[in-house]
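Geometric and topological summary
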Amino acid sequence: MSDVTSDIKECLNELGTQPVLFIGSGLSKRYFDAPNWIELLERLQKECPYIPHEVGYYLQDGVSLEEVGSEYTNYYRKWAWENKDRFPNELFDASIPKSSYIKFMIASILDSITPDSIDSVQSEHHRTEIELLQEIQPHAIITTNYDLFIENVFTDYQSIIGQRILKPDTMSIGEIFKIHGSTSEFKDLVFNKEDYEIFLKKKKYLSAKLLTFFAEHPLVFIGYSANDKNIQRILSDIDEIISTDGDLIPNIYFLEYNKNITENDIPPREKVLFINNKEVRIKYIETKNFDWVYEAFSANKAWDNVHPKLLRALLARTYKLVRSDIPRRSVEVDFDIIEKAVSDEQSLPKLYGVAMLDDPSQLNLQYPYNLTQIGQQLGYSNWHSANRLIESIQRNKGINIKETDNKYHILIKTGKTEMHKYSKHTLELLDAVDKGEEYKLEL
């Protein structure tokens, strides 16, 4: 626990950003015994008298869960048209997709068991865990869950459902991306084979849009099995774009529940997944209690007593203000203007209409990089490779340049938030270390 907590703190400090949570059905099962996919299909089979076989009958024949969903979809349509009193009248319009009947039942089942607040969660220990989960204040949440539990936990976050994720006005902060749909819009749930075929066609676009999260934030998978093929598809896309070549992806954590783990066990710290004949290595946390993990990820939160709604509004106004075309045309963000504003003493205050209390522009000029940017400048894909070079210096010279403020490094603290920043001297130093050249420290 101590080692994992230290590793999480280092990752948060180096990236200087809030975590992004990727939440699966295991989290809902943990806190209110929601069904997993097979259990949901079993419940759907029991509700509909027209379905002749249990889920296991189809699985014995090698039928996928999506295909079972398609089979059940047809039976539900037949049942609904012959028992119209069981379903809303609007579902019998000719324009309504035939999958709407089974998806209405899915929404009914999940809505009936989903707690409407933390206080409705039965276990006191679980309520405490959820409060610690809230304390993480994630930058964003991505989920394949249909239910509304996450919305009831993170009440100030905005839900972005289904294909609306691909619109350009998303990806700010305080958003819940429901990539498989939501019970609040049940007709568009990604459930059966036909739904997944459409989803997979657009998955690459979704992965590309989410890549900014993966590259710049700690990413925590909660409530998934490492064998979940949906997660493996996402990780495959990440690995393909980042090109880790089998290296450990330093900012991706996989949190998995193990009810049998004891204080004497030493669980593995990494998980190796074989996806498309390639190794994908991610950090692995196996535990019975989630409270200490949530607490570790909340230790460096970026703000206190600030609502995500307010931050989204500020960001939206910023995007509208900094643009290079007339309002009728597409809004474009001019990052050159932003970079110049950050480097200039007067420009940034003018951009936001506020006054600066000090002279941080010199700080930005002297220490312009985070460790991820240092790694990228050296030709690597992440901060972890650059950090290994710093560790090499410590082994050879007995000096850790990150322990003090010096010509290479400075630690910036804002409230509870800590951010490591690095100078151009760091880039020159680590380049020499990487090439095996002689170097001298000048602290």
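Bear in mind that the values here come from a model prediction, so they are computed numbers and not experimental data.

Each value, and the rule that gives it
Residues numbered from 1 in each chain as written. Predicted model: local features only at pLDDT ≥ 70, side-chain atom pairs only at ≥ 80, totals over all residues. Heavy atoms only, no water. Helix = DSSP H or I, 4+ residues; strand = E, 2+ residues; numbered from the N terminus. Buried < 20%, exposed > 50% of the residue type's maximum accessible area, 1.4 Å probe, protein only. Contact = heavy atoms within 4.5 Å. Areas by Shrake-Rupley, 256 points an atom, 1.4 Å probe, with all protein chains shown as cover. pLDDT = per-residue confidence, 0-100. Pairing = 2+ DSSP bridges.

Re the overall build of the chain
A tally of regular secondary structure across the chain gives 18 helices and 10 strands. Out of the 443 residues belonging to the chain, those deemed buried represent 48%. Summarising the internal contacts of the chain: among those between residues at least 6 apart in sequence, 69% fall at separations of at least 24. Surface exposure of the chain reaches about 23100 Å², of which carbon and sulfur atoms provide 47%.

Some thoughts on the confidence of the model for the chain
Per-residue pLDDT for the chain has a mean of 83; in total, 80% of the residues score no lower than 70. Confidence drops under a pLDDT of 50 for residues 317–331, and excluding neighbours within four residues, the segment shows 14 contacts in the predicted structure. Counted against residues more than four places away or in other chains, residues 353–358, with its pLDDT under 50, gives four contacts.

Quick look at the pairing of strand β6 (residues 248–257)
With nine of 10 residues buried, β6 lies mostly within the body of the structure. Sheet topology note: the strand β5 (residues 219–222)/β6 ladder contains four bridges and is parallel. By the bridge assignment, Phe221 is partnered in β6 with Phe254. Direction of pairing for β6 relative to strand β8 (residues 278–287): parallel, over a ladder of seven bridges. From the neighbouring strand, Ile249 faces β8, where its bridge partner is Ile282.

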